[in-house]
Amino acid sequence: MSKEIKISVRNLVEFIMRSGDLDNTRSGKNEVEAMQAGGRIHRKLQKQMGANYTAEVPLSITLPITYDDVSFDLTVDGRADGIITNNLIKDDVFSVLISPEEEMDKPEITIDEIKGVYMDVNHLTEPVSVHRAQAICYAYIYAVKYQHSRIGIRLTYCNLETESLKYFEEVFSLDELIEWFEKLINEYAKWAVWQMKWLLKRDDEINNLDFPFEYREGQKDLVTGVYKTILRKKKLFIEAPTGVGKTISTVFPTVKAMGVGIVNKIFYLTAKTITRTVAEETFHLLSEYGASMKVTTITAKEKVCVLDKPDCNPISCPRAKGHYDRVNDAVFDLLVSENEISRDLILSYAEKHNVCPFEMSLDVTLWSDAIICDYNYVFDPNVYLRRFFMNDKQEDFVFLIDEAHNLVDRAREMYSAILHKDDFLIVKRSIKDGNAKLTRLLDQCNKDLLKLKRECDEFELAQEIDGLYMHLMGLMTEYEVYLQESRGNDGRDEIVKLYLDIRHFLNIYEVLDDNYTIYTDYDEAGRFRIKLQCMDPSRNLMKCYERGRSAVLFSATLLPISYYKEQLGGKNEDYAVYAPSSFSKENRLIMVAADVSTKYSRRNKREYAKILEYIKEFTRLRTGNYLVFFPSYQMMQSIYDLAEGEITGLVMQNSSMTEEDRELFLEEFVEEPDTSRVAFCVMGGIFSEGIDLKSSRLIGAVVVGTGLPMVCNERELFRGYFDAKNNNGFDYAYLYQGMNKVLQSAGRVIRTNEDRGAILLLDERFLQNQYYQLFPKEWFPFEPVNLDSMTNMVMDFWKGNNNTGN
């Protein structure tokens, strides 16, 4: 059996041909092309070309390769921006006037590679080497495929504001192209041989893999559903209560699909570090059952950087000097030695080879079977992994999206953009060389924002900002030049930050549609700002899903599932399932207090005292570990002040906890404690989801309030938008977000089939239909209580547990 190895033209040339330093001060050379705006200029230029221009031409070639006594097929593919046919067929109706000398000199075909840039194209003295290499690859593929002895390439650079153009043209013979391409492939061959051998081994092991547990009720149906979803190229939305085993139920069928060639790469996407750990443990479990895979976890640059603060250039970081000369050896060493490529392994091998650990981890993903990472590496337009998603070509990728309820708000922020007026003045003061043109352009943008500020007392919708947009475009051209020529400025951090903010703002402006609202207001520090607010991220997310084969979105709190399916880019033909709980209802007690409220109108000392009595009584009746969740730090502090000296083992979450603080906090939740521990936490905070306190490490949770967000201008903006769209403004802006926090907080109790625990909801609104209809099925029936009846009910519940050992 032979394996075909595939690689894109872009990834091939970037991987093999890079060299030299890692340098963030060279803003234009290494990352010269723009993003969405670049796509716009591509399309515009292509439409302006004549009849002899064919745009967006897919090109592919499969070559038989023999290396180190191993033979295999290598497929290199991509999409040329344009093919120019230089000798149009002449007939009686139409002819092209061209001199014989010109006709002899000009190649019959020219490959066009278009790059949209913010910089002044006149500053380019030669094409970027990687861009040139891409064009040469396409020229080789085209010349071989269509038997051309000579072929040309043209690099077209276009300024995004002025649309001024600069061309770089070359002509190659077929022999020159063959020699150049064979050298490139020979350098890549050792990687391809390693990959081919690895894929054969991996697939053989996967195909012999069985599900590692006895299936729980409904679990086999869930596993089958995930596999069929991938097979049919659909999306699946799963509401799966804790204990169903949703991680193994999604990972296992995806891995099995990889073994038979349906899936090329798995992206396991999470919002929090703790869920990344769960994913790592699941892949490790499969390896213990005989299925080896290359699994790489991407950790944020700030957390793996060897400096106190990332500053990727040879002056600031010794590893940046010659990084690209060493990194391929580092990657190969890691790949042939390790399978489960964790943060610690990345740090170790990066130190061994003296390279940047973050950049190295991104390179390792090219060869990984599964990538565990934050949402933003797939969805964020500024951070997404361009090596996989740049060309918007659909690949056999599967996106497994854990805790998918978090993606709604995360996506809204990813696809929104903010500019602060003060930043323009700060940058203007930071420019020390008196760049008059840049100063004037900063002033113009500041004046545009000042005009908007004068029209905004507190919060104002902006109807039209085309003037600001055009001035920002003009600013970016000069900004690009300045960043390349002025690398040692003391205020460079602020200068670069504004540059990136403007670039993101312009890119988001390019995709504005009826899912957006533009407004101005003042932040908490009183700074005036303008925001392009994404109200509904579904279209943006759909475009991301289209880069892969299938997506599976799952959470224990994906209710109502119709809302999440709509907001997260589901289509009518996509699937949604509610996985049945495997827990015994006798092991869980759910109560709702009928005589307390956290409505703003009733937030007073008397009501707080009543809430405290419930907490005291609930935690008094059995020694153990408890979590109490509040809707805000302010309320938590107020009730904590009343509770000091009243509750045994009382502790409170700190608003500025580090990862280490968090771990120490959780370590105090021990099995079978001699004295109670009652921890006050905030709903929606670091302890309300993603933590896994099993058995007697947690026996009860109190949820104070409905979790509704505070009323503010932005929330009211969402309310008005969705009232106009579907008459569900309150639900979309407040209710669903609040109830998700409630469900997540309560879900900390009972993590396994053997666990037993009680949940107390403190707000009379939970007894209203619009609230309790959002309870998961396994919460029914629940018990309305007052203080006295709660005492009796909790005592009876724990009496029924005397023989459990908890």
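Residues numbered from 1 in each chain as written. Predicted model: local features only at pLDDT ≥ 70, side-chain atom pairs only at ≥ 80, totals over all residues. Heavy atoms only, no water.

**Q** Would you explain the pattern of salt bridges in this entry?
**A** Any two side chains of opposite charge can pair, so long as their charged atoms come close to each other. Scanning the model with the defined rule gives 40 salt bridges in all. As a salt-bridge pair, Arg410 and Asp374 come within 2.4 Å of each other at their nearest N and O atoms. Of this pair, Arg410 sits in helix H15 (residues 407-414) while Asp374 sits in strand E11 (residues 370-374), and the two are 36 residues apart along the sequence. Owing to a relative accessible area of 11%, Asp374 belongs among the buried residues under this scheme. Between Lys725 and Asp536 there is a salt bridge, with its nearest N and O atoms 2.8 Å apart. In this pair, Lys725 is assigned in helix H25 (residues 713-726) and Asp536 in the loop between strand E16 (528-534) and helix H20 (538-545), connecting sequence segments 189 residues apart. For Lys725, a relative accessible area of 42% translates into the label partly exposed. (Salt bridge = Lys/Arg side-chain N within 4 Å of Asp/Glu carboxyl O. Helix = DSSP H or I, 4+ residues; strand = E, 2+ residues; numbered from the N terminus. Buried < 20%, exposed > 50% of the residue type's maximum accessible area, 1.4 Å probe, protein only.)

**Q** What am I meant to see in the sheet that holds strand E23 (residues 700-704) here?
**A** Pairing within the open sheet is parallel, and its seven strands lie in the order E21-E22-E20-E23-E24-E19-E25. Strands with a single pairing partner mark the edges of an open sheet, and in this sheet they are strand E21 (650-652) and strand E25 (783-785). The sheet shows a mean angle of 20° between the axes of neighbouring strands, taken without regard to direction. Pairing analysis gives five bridges linking E23 to strand E24 (residues 757-762), with the strands arranged parallel. What sits directly across from Val704, in E24, is Leu762. Each of strand E19 (588-593), strand E20 (625-630), strand E22 (677-682), E23, E24 and E25 touches helix H22 (residues 605-620); the most contacted strand, E24, lies at about 175° to it. Strand contacts of helix H26 (residues 729-746): E20, E23 and E24, with the helix running at about 165° to E23, the strand carrying the most contacts. (Pairing = 2+ DSSP bridges. Axes fitted to C-alpha atoms, helices over the stretch in contact; angles between N-to-C directions. Contact = heavy atoms within 4.5 Å.)

**Q** How do you make sense of the pairing of strand E6 (residues 165-173) when you look at a structure like this?
**A** Relative to E6, strand E5 (residues 150-159) runs antiparallel, the two sharing nine bridges. Bridging from a neighbouring strand, Cys158 pairs with Leu165 of E6.

**Q** Quick question: what am I supposed to make of the environment of Glu280 here?
**A** Looking at the element boundaries, Glu280 is found in helix H8 (residues 273-288). When the C-alpha positions of Glu280 and Asn786 are compared, they lie 44 Å apart, and in sequence the two are 506 residues distant. Residues contacting Glu280, with those up to four places away along its chain left out, are Thr297 and Ile372.

**Q** Even after reading the chapter, I still don't get helix H6 (residues 219-231), so can you show me in this structure?
**A** Residues lying three or four places apart along an α-helix face the same way, a consequence of the helix completing one turn every 3.6 residues. Taking 1.5 Å of rise per residue, 13 residues should cover 18 Å, and H6 covers 19 Å from first to last C-alpha, within 8% of that figure. Gln219, Leu222, Val223, Val226, Thr229 and Ile230 are the residues of H6 that are buried. The buried residues of H6 all sit within an arc of 125° when viewed along its axis, so they share a single face. Exposed and facing more than 90 degrees away from the buried side of H6 are Lys220 and Asp221. Where H6 is buried, its residues meet strand E7 (235-239), helix H7 (246-259), strand E12 (397-401), strand E17 (550-555) and strand E18 (575-578). (Expected span 1.5 Å × (residues − 1). Arc of directions from axis to C-beta.)

**Q** Please explain the side chain of Asn11 as it appears in this structure.
**A** With respect to the helices and strands, Asn11 occurs in helix H1 (residues 9-17). Residue classification places Asn11 among the buried residues on the basis of a relative accessible area of 9%. For Asn11, the contacting residues outside a window of four places in its chain are Leu366 and Arg387.

**Q** How should I be thinking about the state of the cysteines in this particular structure?
**A** Disulfides are covalent bonds that connect the sulfur atoms of two cysteines. What the rule picks out here adds up to zero disulfides. For the unlinked cysteine Cys456, the closest cysteine sulfur is that of Cys712, found at 14 Å. Here Cys456 falls in the buried class, since its relative accessible area comes to 3%. Here Cys544 stays unpaired: no disulfide links it, and the sulfur of Cys534, its closest cysteine neighbor, is 11 Å away. (Disulfide = S-S within 2.5 Å.)

**Q** For this particular structure, what's the right way to read the packing of H25 against H26?
**A** In a pair of packed helices, the angle between the axes and the distance between the axes together describe the arrangement. Across the interface, H25 lies against H26 with an axial gap of 5 Å and an inter-helix angle of 130°. Here H25 lies oblique to H26, going by the angle between them. Residues Arg715, Glu716, Phe718, Arg719, Phe722, Asp723 and Asn726 of H25 lie in contact with H26, whose contacting residues are Gly729, Phe730, Tyr732, Ala733, Tyr734 and Gln737. Counted by class, the contact of H25 with H26 contains six nonpolar, three polar and four charged residues. (Parallel < 35°, antiparallel > 145°, perpendicular 65-115°, else oblique. Nonpolar A, V, L, I, M, F, W, Y, C, P; charged D, E, K, R; others polar.)

**Q** What am I meant to see in the side chain of His323 here?
**A** With respect to the secondary-structure elements, His323 resides in helix H10 (residues 323-337). The exposure class of His323 is buried, given its relative accessible area of 0%. Of note is the side chain of His323, whose polar atom sits 3.2 Å from the backbone nitrogen of Cys356. Among residues more than four places away in sequence, those in contact with His323 are Gly20, Asp21, Leu22, Val355, Cys356 and Glu359. (Polar contact = N/O pair within 3.5 Å; in protein donor to acceptor, adjacent residues only side chain to side chain.)

**Q** Mind showing me how you'd approach the pairing of strand E3 (residues 70-85) here?
**A** On a regular strand, each side chain points to the face opposite its neighbour's, so the side chains alternate between the two faces of the sheet. Taken across its 16 residues, E3 has 12 buried, putting it largely inside the fold. Pairing analysis gives 14 bridges linking strand E2 (residues 53-67) to E3, with the strands arranged antiparallel. The residue of E3 that forms the bridge with Tyr67 is Val70. In this structure, E3 lies alongside strand E4 (residues 109-117), joined through four bridges in antiparallel fashion.

**Q** Would you mind showing me how to read the environment of Leu743 here?
**A** Position of Leu743 relative to the elements: it lies in helix H26. Along the chain, Leu743 and Phe630 lie 113 residues apart, while their C-alpha atoms are 13 Å from each other. When near neighbours in sequence (up to four residues on either side) are disregarded, Leu743 contacts Thr557, Leu559, Leu774, Pro776 and Trp779.

**Q** Please clarify how empty space enclosed by the protein should be interpreted in this entry.
**A** To locate leftover empty space, one rolls a probe as large as a water molecule over the atoms. If you walk through the whole model with that rule in mind, you get five cavities of 30 Å³ or more. Here the largest cavity is characterised by a volume of approximately 180 Å³. In this structure, the largest cavity is lined by 18 residues; those nearest its centre are Thr242, Ala556, Leu743, Gly747 and Glu778. For the lining of the largest cavity, the element with the highest residue contribution is H26, accounting for three residues. Per-class residue counts for the lining of the largest cavity are 10 nonpolar, five polar and three charged. As a volume, the second largest cavity reaches approximately 80 Å³. In this structure, the second largest cavity is lined by Leu22, Cys305, Val306, Leu307, Asp311, Cys312, Cys317, Arg319, Ala320, Cys356 and Pro357. (1 Å grid on protein atoms, 1.4 Å probe; cavity = no way out; pocket = protein on both sides within 12 Å on 5 of 7 lines; lining within 4 Å. Points joined across faces, edges and corners; volume = space filled by probe spheres on them.)

**Q** What is the right way to read unusual backbone geometry from this model?
**A** If a residue is not glycine, its phi is most likely negative; likewise, a peptide bond is most likely trans. Cis peptide bonds are those with omega within 30 degrees of zero, and the linkage from Leu559 to Pro560 qualifies with -5°. Note on placement: Pro560 falls in the loop between E17 and helix H21 (561-567). Across the junction of Phe780 and Pro781, the peptide omega takes the value -5°, indicating a cis bond. Take Pro781: it is sitting in the loop between helix H27 (769-772) and E25. At Glu672, a position not held by glycine, the phi torsion is positive, near 45°. The residue Glu672 is located in the loop between helix H24 (659-667) and E22 in this model. In this structure Glu672 comes out as partly exposed when scored by relative accessible area, which is 42%. At Ser695, a position not held by glycine, the phi torsion is positive, near 55°. Looking at the secondary structure, you find Ser695 in the loop between E22 and E23.

**Q** Got a minute to help me understand the sheet that holds E12 in this structure?
**A** If you walk across this open sheet you meet the eight strands as E10-E9-E11-E8-E12-E17-E7-E18, and the pairing is parallel. Two strands bound the open sheet, and with one partner strand each, they are strand E10 (340-341) and E18. Summarising the sheet, strand E8 (residues 265-270) and E11 pair through five bridges and their orientation is parallel. Its bridge partner lying in E11, Leu269 is registered against Cys373. H8 contacts E8, strand E9 (295-297), E10 and E11 of the sheet and is inclined by roughly 170° relative to E11.

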